[in-house]
Each structure stands twice: as structure tokens, then as C-alpha cells.
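Coordinate analysis (summary)
Residue-level listing of the chains:
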Amino acid sequence: MTSTVASRWAPTTVALLTLAWMVAVLATLWWWFGIGLAGWADQHSGQGSRSADREAARATLVLALVAVGGPILVAVAAFTGRLVRTGAVYLAVAIVLGALVAPVAADAYRTQNPPPPPPPAPTVCQERSGGDTRCPGG
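Let me begin by describing the structure that accompanies this report. (Residues numbered from 1 in each chain as written. Predicted model: local features only at pLDDT ≥ 70, side-chain atom pairs only at ≥ 80, totals over all residues. Heavy atoms only, no water.)

Section: the overall build of the chain
When helices and strands are tallied, the chain shows three helices and zero strands. Secondary structure of the chain in N-to-C order comes out as α-α-α. Here the chain holds 138 residues, and 23% of them are scored as buried. Within the chain, contacts between residues separated by at least 24 positions form 76% of all contacts whose residues are at least 6 apart in sequence. Of the accessible surface of the chain, which amounts to about 10100 Å², a share of 67% is contributed by carbon and sulfur atoms. (Helix = DSSP H or I, 4+ residues; strand = E, 2+ residues; numbered from the N terminus. Buried < 20%, exposed > 50% of the residue type's maximum accessible area, 1.4 Å probe, protein only. Contact = heavy atoms within 4.5 Å. Areas by Shrake-Rupley, 256 points an atom, 1.4 Å probe, with all protein chains shown as cover.)

Below you can see the structure in the form of C-alpha cells.
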């Protein structure tokens, strides 16, 4: 018969993982803010670069991963420690955050990995019927 009493380590583990998740989100936001300031300075100095956009996209993807992955990790620890309601709450938080950051993460992924440029248009000179050619050199 299994007991429904939570393990002794579970509340402490959930609290520490929650704290670590909050610190990770704040650190990633600080990194993202720093990239924004550097991009703003580059833009106003006339030396704007595309590398700042890619770095911001990378930071956005990391922020999305940390924001959603943290509650999932805490939920797993809570379910393992038999804290079912706590695990359900963190799982719900992960689902809501995942729905909110999915469009932003998709846009950041497209910025990080742009599609290849379309092939160039053909530049072959075609002779028209009637013998009239408007080709250069001929």
C-alpha cells in the first residue's frame, strides 16, 4: 500500500527549484535587456548590425526555454515527492507560459535561422519572333 504523505525532502526541493527558476528567469531577462541596450546604442551610432538581432533571438529562445522548463522541472520534483496539487499547479503554469511564449519563440527561431534567399531570375537573352532582338551586343 502506498502512502499519500509527501516525502520529507519534497517541500524543500520544490522551494529551492522555484527559487532557482526565478533567479534563472531574472538573469536571462537581464541578459536580454543588455542586448537591447547594446542594439539601441549601435542603432543610434550609425553602426547597426544584424548580429545584435541574432543574439537577441538567441536570448529570447533561452528565455522561453527557462520560463517553460523551470515549472516542468518543479512539477516533476513535486510529483516525485507526492505533492500532487503542487505538481498540478506548476504543470498548469508551464502550459500557460508555453502558450504565451510559443509565438515569440517561433519568431525568434525564424530570426535565428532565416530561410535561404530565392534563386536569382534567369538573365539569358531570348530572341523574339520576327527577328527583332533587343539583346545587348546582338
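Quick notes on the environment of T28
When you line up the elements, T28 lands in helix α1 (residues 10-44). We classify T28 as buried; its relative accessible area is 8%. Residue contacts for T28: discarding those within four places in its chain leaves A59, V62, L63 and V66.

Topic: the packing of α1 against helix α3 (residues 84-112)
Running from N to C, α1 and α3 cross one another at 20 degrees; their axes reach a closest spacing of 12 Å. It follows from the interaxial angle that α1 and α3 lie roughly parallel. Relative to α3, the crossing made by α1 is left-handed. Each of V14, T18 and W21 in α1 lies in contact with α3, whose residues at this interface are T86, Y90, V93 and L97. (Axes fitted to C-alpha atoms, helices over the stretch in contact; angles between N-to-C directions. Parallel < 35°, antiparallel > 145°, perpendicular 65-115°, else oblique. Left-handed = near helix turned anticlockwise from the far one by under 90°.)

Structural notes on the environment of A99
Position of A99 relative to the elements: it lies in helix α3. Spatially, the C-alpha atoms of A99 and V68 are 9.5 Å apart, while their sequence positions differ by 31 residues.

Side note on the packing of aromatic side chains
Following the criterion strictly, the structure yields one aromatic pair and no others. When the centroid spacing of 5.9 Å and the interplanar angle of 35 degrees are considered together, the rings of W30 and F33 count as tilted. Here W30 and its partner F33 are both found in helix α1, three residues apart, which amounts to about one turn of the helix. Note on W30: relative accessible area 65%, which makes it exposed. For F33, a relative accessible area of 48% translates into the label partly exposed. (Phe/Tyr/Trp six-rings, centres within 6.5 Å; stacked < 30°, edge-to-face > 60°.)

Notes on the nonpolar core
Counting residues in each nonpolar core, the largest one holds seven residues, listed as A10, V14, V74, A75, A78, L83 and Y90. Looking at this core, the elements with two or more residues in it are α1 and α2 (50-80). A total of three residues in this core trace back to one element, the largest contributor, which is α2. When near neighbours in sequence (up to four residues on either side) are disregarded, V14 contacts V74, A78, L83, T86 and Y90. (Core = buried A, V, L, I, M, F, W, Y, C linked by side-chain atoms within 4.5 Å.)

A short note on unusual backbone geometry
Here the phi dihedral of R82 falls at roughly 65 degrees; this positive angle occurs in a residue that is not glycine. Relative to the helices and strands, R82 is located in the loop between α2 and α3.

Bear in mind that shape data such as this cannot, by itself, settle questions of function.
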